[in-house]
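Tertiary structure, described
Below, each chain spelled out in residue letters.
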Amino acid sequence: MEQELLELAQTIVSECQADQAEAVVQDGTEAVSRFANNVLHQNMQEWSRRIDVRVLLGKRVGCASGTVADLDDARRVVAKATELARVAGEIPDFESFAEPQPIPEAPPAVAEDVIQCTPAQRGALVEEALDVARERSLAAAGALSVRSGTLTVANSLGVAAVHSSTATHFHVVMQDEDSAGYASAEGRSLADTRVREVAERAADKATLGRNPRHIKAEPLAVVLEPVAAAELLDMFSFGFNALLYQEQKSFVCDYLGQQACTSFLNLTDDGLDPRTNVRPFDFEGLPRRRVELIKDGAISGLVHNTYTAARAKPPTQSTGHATQPPGRWGPLPRNLIVSPGEGSLEDLIARVDRGLFISRIHYLNYVHPRKTILTGMTREGTFLIEQGQITGAVHNLRFTERFVDALGRIAAIGCKGERHGSVWTPPLLIESFSFTSETEF
Amino acid sequence: MYRIAELALGAAQSAGATYVDARVVHKSRQDVQVKNGAVDVVASAHSAGIGVRVLCDGAWGFAATCDMADAAVMETAQQAVEIARASARTMIRPVELSPVDAAVDEVSHQAALDPFQVPIAEKIDLLLSCDAAMNVPGVAVRQGSVNCTREEKWFASSEGARLWQERIATGAGIEATAAAAGEVQRRSYPASHGGQKACRGWELVEELALQDHGKRVATEAVALLDAEPCPQGKMDIILTGSQLALQVHETCGHPVELDRVLGTEASFAGRSFLTLDKLCSLRYGSEVVNIVADATVPGALGSFGYDDEGVPAQRVRIVCDGVFCGYLTSRETAPTLGRSSNGCMRADGWNRSPIIRMTNINLLPGGGGALADLIRGTDDGLLMFENRSWSIDDRRLNFQFGCELAYRIQGGEIAGMVRNPSYQGNTPEFWGACDAVCGEEEWQVWGVPNCGKGEPMQVMEVGHGVAPARFRQVTVGVAR
């Protein structure tokens, strides 16, 4: 399959009469089994093949994409991109598509059990979670997702990169009368979803969450479970986008080189790290370089694509973080890793005199991106910690926090991390986090 | 295309499906964006494929492919049946659908000026003229965009429905970002997050007169850098245009989706405080608050002919004189209420199964007169424009919004610009504090093209008709 997709991309690029051409082919299958009220209620599978083509004529770039079933479909996408390039205005500072670079060998990224997974197998896995719900008289809602796909990039300058991967994700909310608990797991194989264990964790939280108390919204210490920490770090990481930096929209403009965070915080992006969803190259076919974004607490790096690297002062090399064409949002880190610290989750909790344990965050959004002010809600597993122990559940709270400052108040990082989305992180203990309003549930 | 859809129906029925619908969808999009005096993006996208939804053994299955060769379509239909059989393993009771007349119809949404026929060069010239108007000292980023979409959809069901629909939509907007010494401020026209969008043609862009607003937008962005910060405390606020549209979207549109209420979105998008016991009894807002879901508004972004279950577009009451009285429903969920579907099942393309989505959730005009009347009647307050940030809890109660700009109102008059304005509240308390909604002359439908819901994520285009409204004693300035 990989060879077939690479030949497709190289064929249409070689046939193109433009100054330069680039083709990105994404081919894959995705299946999602959703359940709620202890029943599978949405269950789907999709196969798609999509091509994104960029064509360069002088300094004019045309972009076209399309779903394709055969070579003729792909040729039509190239023709459309060429047609658009002819009428597009010039991009004065656009230099070139990417020059080829060696792609390092990546760790294994395909799990055969995902490739072979049938609807019945997905259903059986979901039933494991439903069994837990029924045993505990809870209502389960969640989803099991399995994906397999191949990313192929080729351009007329000689870039030729292809990589296949699989990914799995399972998450569940266990609900009781006045409580709910969330847990999730993901990886590249079905085994990584650990369905029964995850369901048990969520059920434990739902049970522990009964009779939640109301507490006043005020600054409090927080222990962020990896899911919650990952959601915050993922949103925060947009600021390492070199395009936002060049447009003066990023917090990095104010902090580059400065000791903004706790001295033992290290945040890197590494597409080859097997703890993340391995991506050896980006959407321009360039190797994803390891970038230190926060080093020993100092804001230390940005991620680039070819365009932002050429515009940088002084010009630099792409770090291999181009996003899907046309890439208008700029380069993004998608393989983030927080270096682990010492101590278990329980050790972090034990260090809190009074604070909150947070399982999950809902509807996180920037209030002010340049200042990294974020707001969001806690959700499905918010517990009060008193004198080093969880003493019960509390109603959910809203926080409004300048996150770069919060990273300066990290008191401890746990030793054991988890992958959630684009981030692998251990739990974090933050000495003070600004809660600004309350709920009744 | 009906031949392909019917091929899927036959294959699924032969495999044991008791109900089947198939949608063949062709969707095209064109984007032109200009930034800082030069072209940034000229792009087109085309997506085509078939999605097959089946009931088998009383449970749902869905499969989709972009390969529309006969063999692939039949295999996909059979996959959908296999998936439904897997779903049935967990079934408690079989799915029952409320009845619908099997319509055979064609619905064409004619744009006065086909946006795809407008030359790219004309679009670039328009945006470059806006860009030039925004070229004011202090502005770091000037940006403008136009986009258009065309969707053709063939729907066929085993009950006999055969529906072809065409839908054209056009959007446009400009924005200026000013930056200085750690502060960044943005102003947009006619709305933030990409501008206005509607099921109309290029005539919409012409009516917006983007170039006439470029200088104002840029000047306001720069002025905001040195404006007074938002006051903190409780005061009256007046919400305008697209910000009020988003308020309706988040605090009314989402909580009345019946799938949320019944728990099927609990693990992702969340649930709703509008539980079944509150129907026709909860005071959602003050007596001036009247809200409808109306998929029949001509030209509105949330309008269509039939939903993706073949149910005709409808206008239904959601809030009547402040009392909550209706949900958005589907054929599967409506029987819970003893009703038939009001036609809100829509899918984001061929590769997604339909779920309950907003149509146009409209706050009806009231007796508040013009915006100037609301301002005159406000002693101490904030007049807020264009959204900058939004967040709401998973029951749709606790919300916090930030806007691009506000003006302080003192003694019934505008008293000065305010930066980083924000407000926060609880949904029924907030709408209960609404004491005036402007009249018909101020009423306008705003398109929200990026409503996210479902797993895998589905992005839907919806609309909200609003006229400016005033809310008494709201908490402001939490996030300044």
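From a predicted model like this one, the values you see are computed outputs, not experimental measurements.

Time to look at the overall build of chain A. Regarding its fold elements, chain A presents 11 helices and 20 strands. Referenced to the eigenvectors of the C-alpha coordinate spread, the extents of chain A come out at roughly 70 × 55 × 35 Å. Taking all contacts inside chain A whose residues are at least 6 apart in sequence as the whole, residues at least 24 apart take part in 73%. The averaged location of the 58 negative side-chain charges in chain A is 4 Å from the averaged location of its 44 positive side-chain charges.

Residues and elements named next belong to chain A. Considered domain by domain, chain A is made up of domain 1 (2-203) and domain 2 (212-441). Centre-to-centre, using C-alpha coordinates, domain 1 lies 24 Å away from domain 2. Across the boundary between the two partners, domain 1 contributes 40 residues, which contact 31 residues of domain 2. Of the roughly 3,000 Å² buried between domain 1 and domain 2, counting both surfaces, carbon and sulfur atoms make up 59%. Of all residues in domain 1, Gln101, Tyr182 and Glu186 bury the most surface against domain 2, accounting for 20% of the area lost on that side. Between arginine 419 and glutamate 186 there is a salt bridge, with its nearest N and O atoms 3.4 Å apart. Linking domain 1 to domain 2 there are 11 residue pairs in polar contact (both at pLDDT 80 or more). Those elements that provide at least two residues to the side of domain 1 that touches domain 2 are strand S1 (20-36), strand S2 (39-57), strand S4 (139-155), strand S5 (160-175) and strand S6 (180-187). Its residues assigned to classes, the side of domain 1 that touches domain 2 shows 20 nonpolar, 8 polar and 12 charged.

All names here are of chain A. A sheet is described by the order of its strands in space; here 6 strands give the open sequence S10-S9-S8-S11-S18-S17, paired in mixed fashion. Each of the sheet's edge strands pairs with one partner strand only, and the pair in question is strand S10 (298-299) and strand S17 (418-420). Pairing analysis gives 3 bridges linking strand S8 (residues 267-269) to strand S9 (residues 291-295), with the strands arranged antiparallel. For leucine 267, the partnering residue across the bridge sits in S9 and is isoleucine 294. Seen against the sheet, helix H6 (residues 226-236) touches S9, strand S11 (336-338), S17 and strand S18 (423-425) and runs at an angle of roughly 135 degrees to S18.

Attention now moves to the packing of aromatic side chains. Enumeration according to the criterion identifies 23 aromatic pairs over all chains in this entry. With 6.2 Å between their ring centres and 50 degrees between their planes, Phe251(A) and Tyr255(A) make a pair best called tilted. Among the aromatic residues, those joined into a cluster by ring pairs are Tyr284(B), Phe399(B), Phe401(B), Tyr423(B), Phe430(B), Trp431(B) and Phe471(B). Directly above the aromatic system of Trp424(A) lies the positively charged group of Arg275(A), at a separation of 4.5 Å from the ring centroid. Above the plane of the ring of Tyr182(A) lies Arg360(A), whose end atom (NZ or CZ) is 4.0 Å from the centre.

Further remarks concern the interface of chain B and chain A. How large an interface is tends to be reported as the accessible area lost when its parts come together. Contacts between the two partners involve 77 residues from chain B and, on the opposite side, 75 residues from chain A. When chain B packs against chain A, the two sides together hide about 6,200 Å² of surface, and 51% of this comes from carbon and sulfur. Its largest share of buried area at the contact with chain A, chain B owes to Thr90(B), Ser267(B) and Glu455(B), together 10% of the area lost on that side. On the surface where chain B and chain A come into contact, there are 8 salt bridges. Taking the shortest distance from any N to any O, the salt bridge between Asp394(B) and Arg379(A) comes out at 3.8 Å. Across the chain B-chain A interface, the total number found is 40 residue pairs in polar contact (both at pLDDT 80 or more).

Rolling a probe over the atoms, with the probe sized like a water molecule, indicates the empty space that remains. Residue and element names in this part refer to chain B. The full count for this structure, using the stated rule, is 2 cavities of 30 Å³ or more. Approximately 40 Å³ is the volume found for the second largest cavity. As for the second largest cavity, its lining consists of Val100, Asp101, Ala102, Phe155, Ser157, Glu159, Ala161, Glu309, Gly310 and Arg331. A domain split of the lining of the second largest cavity shows at least three residues from each of domain 1 (2-224) and domain 2 (228-476).

All names here are of chain B. When its domains are assigned, chain B resolves into domain 1 (2-224) and domain 2 (228-476). One C-alpha centre belongs to domain 1, the other to domain 2, and the line joining them spans 21 Å. Each partner contributes residues to the interface: domain 1 has 53 residues there, and domain 2 has 47 residues. For the pair domain 1 and domain 2, the summed buried area comes to about 3,900 Å², and 48% of that belongs to carbon and sulfur atoms. Where domain 1 touches domain 2, the interface holds 10 salt bridges. A salt bridge links arginine 187 to glutamate 404; the shortest N-O distance between them is 2.8 Å. Where domain 1 touches domain 2, the interface holds 30 residue pairs in polar contact (both at pLDDT 80 or more). A per-class count over the side of domain 1 that touches domain 2 returns 24 nonpolar, 13 polar and 16 charged.

What follows covers the nonpolar core. If you look at the biggest cluster of nonpolar residues, it comprises 73 residues, and the most contacted ones within it are Ile237(B), Tyr284(B), Tyr423(B), Trp431(B) and Phe471(B). Core analysis: the next-biggest nonpolar cluster, separate from the first, contains 50 residues, Ala228(A), Leu232(A), Val291(A) and Ile299(A) among them.

All right, on to the side chain of Ser318(A) then. All names here are of chain A. Along the chain, serine 318 turns up in the loop between helix H9 (306-311) and S11. A polar atom in the side chain of serine 318 sits 3.2 Å from the backbone oxygen of histidine 304. Residues contacting serine 318, with those up to four places away along its chain left out, are Asp282, Glu284, Leu286, Arg289, His304, Asn305, Thr306 and Ala309.

It is worth spelling out the sheet that holds strand S13 (residues 323-324) of chain B at this point. All names here are of chain B. Pairing in this open sheet of 4 strands is antiparallel, and the strands run S13-S12-S11-S16 from one edge to the other. Looking along the sheet, the strands with just one partner apiece sit at the ends: S13 and strand S16 (361-363). Judged from the 3 bridges that link them, strand S11 (residues 291-294) and S16 form a sheet pairing that is antiparallel. Note that in S16 the partner of alanine 293 across the bridge is isoleucine 361. Sheet strands touched by helix H6 (residues 241-253): S11, strand S12 (315-320) and S16. Its angle to S16, the strand with the most contacts, is close to 120 degrees.

Bringing the layout of surface pockets into the picture now. Counted as a void, the largest pocket has a volume near 1,000 Å³. Forming the walls of the largest pocket are 43 residues, and the residues nearest its centre are His41(A), Val95(B), Thr264(B), Glu332(B) and Thr333(B). Secondary-structure elements contributing two or more residues to the lining of the largest pocket are S1 and S2 of chain A together with strand S3 (59-65), helix H7 (258-261) and strand S15 (355-356) of chain B. It is S2(A) that provides the largest number of residues to the lining of the largest pocket, a total of 6 residues. Residues belonging to the lining of the largest pocket are distributed by class as follows: 20 nonpolar, 14 polar and 9 charged. Lining the second largest pocket are 39 residues, and of these Arg194(A), Arg201(A), Lys416(A), Gly417(A) and Glu418(A) lie nearest its centre. Elements that contribute at least two residues to the lining of the second largest pocket include exactly S6, helix H5 (195-208), helix H10 (345-350) and S17 of chain A. Each residue belonging to the lining of the second largest pocket can be placed in one class, and the counts come to 15 nonpolar, 10 polar and 14 charged. When residues of the lining of the second largest pocket are sorted by domain, at least three fall in each of domain 1 (2-203) and domain 2 (212-441) of chain A.

Moving on: the packing of helix H4 (residues 119-135) of chain A against H5(A). All names here are of chain A. Between H4 and H5, the least distance of the axes is 9 Å, while the angle of their chain directions is 30 degrees. Put simply, H4 runs roughly parallel to H5. Note that H4 runs across H5; the crossing there is right-handed. The residues of H5 that touch H4, namely those facing Leu125, Glu128, Ala129, Asp131, Val132 and Glu135, are Val195, Arg196, Ala199, Glu200 and Ala203. Grouping the constituent residues of the contact of H4 with H5 by class yields 6 nonpolar, no polar and 5 charged.

This part covers the environment of Ala71(B). Residue and element names in this part refer to chain B. You can see alanine 71 is positioned in helix H2 (residues 70-88). Judged by relative accessible area, which is 55%, alanine 71 ranks as exposed. For alanine 71 and serine 242, which are 171 residues apart along the polypeptide, the C-alpha to C-alpha distance reads 47 Å.

Moving on, we come to unusual backbone geometry. Residue and element names in this part refer to chain A. In this chain, lysine 313 is followed by proline 314 through a cis amide linkage whose omega measures -5 degrees. Inspection of the secondary structure puts proline 314 in the loop between H9 and S11. If you check the backbone angles, aspartate 296 has positive phi at about 50 degrees while not being a glycine. Overall, the relative accessible area of 40% leaves aspartate 296 in the partly exposed class.

Basis of the calculations
- Residues numbered from 1 in each chain as written.
- Chains lettered and ligands numbered in written order.
- Predicted model: local features only at pLDDT ≥ 70, side-chain atom pairs only at ≥ 80, totals over all residues.
- Heavy atoms only, no water.
- Helix = DSSP H or I, 4+ residues; strand = E, 2+ residues; numbered from the N terminus.
- Contact = heavy atoms within 4.5 Å.
- Lys, Arg positive; Asp, Glu negative; His and termini not counted.
- Charge placed at Lys NZ, Arg CZ, Asp CG, Glu CD.
- Domains from an automatic or database assignment.
- Buried area = accessible area lost by both parts, 1.4 Å probe.
- Salt bridge = Lys/Arg side-chain N within 4 Å of Asp/Glu carboxyl O.
- Polar contact = N/O pair within 3.5 Å; in protein donor to acceptor, adjacent residues only side chain to side chain.
- Nonpolar A, V, L, I, M, F, W, Y, C, P; charged D, E, K, R; others polar.
- Pairing = 2+ DSSP bridges.
- Axes fitted to C-alpha atoms, helices over the stretch in contact; angles between N-to-C directions.
- Phe/Tyr/Trp six-rings, centres within 6.5 Å; stacked < 30°, edge-to-face > 60°.
- Lys NZ or Arg CZ within 6 Å of the ring centre and 35° of its normal.
- 1 Å grid on protein atoms, 1.4 Å probe; cavity = no way out; pocket = protein on both sides within 12 Å on 5 of 7 lines; lining within 4 Å.
- Points joined across faces, edges and corners; volume = space filled by probe spheres on them.
- Core = buried A, V, L, I, M, F, W, Y, C linked by side-chain atoms within 4.5 Å.
- Buried < 20%, exposed > 50% of the residue type's maximum accessible area, 1.4 Å probe, protein only.
- Parallel < 35°, antiparallel > 145°, perpendicular 65-115°, else oblique.
- Left-handed = near helix turned anticlockwise from the far one by under 90°.

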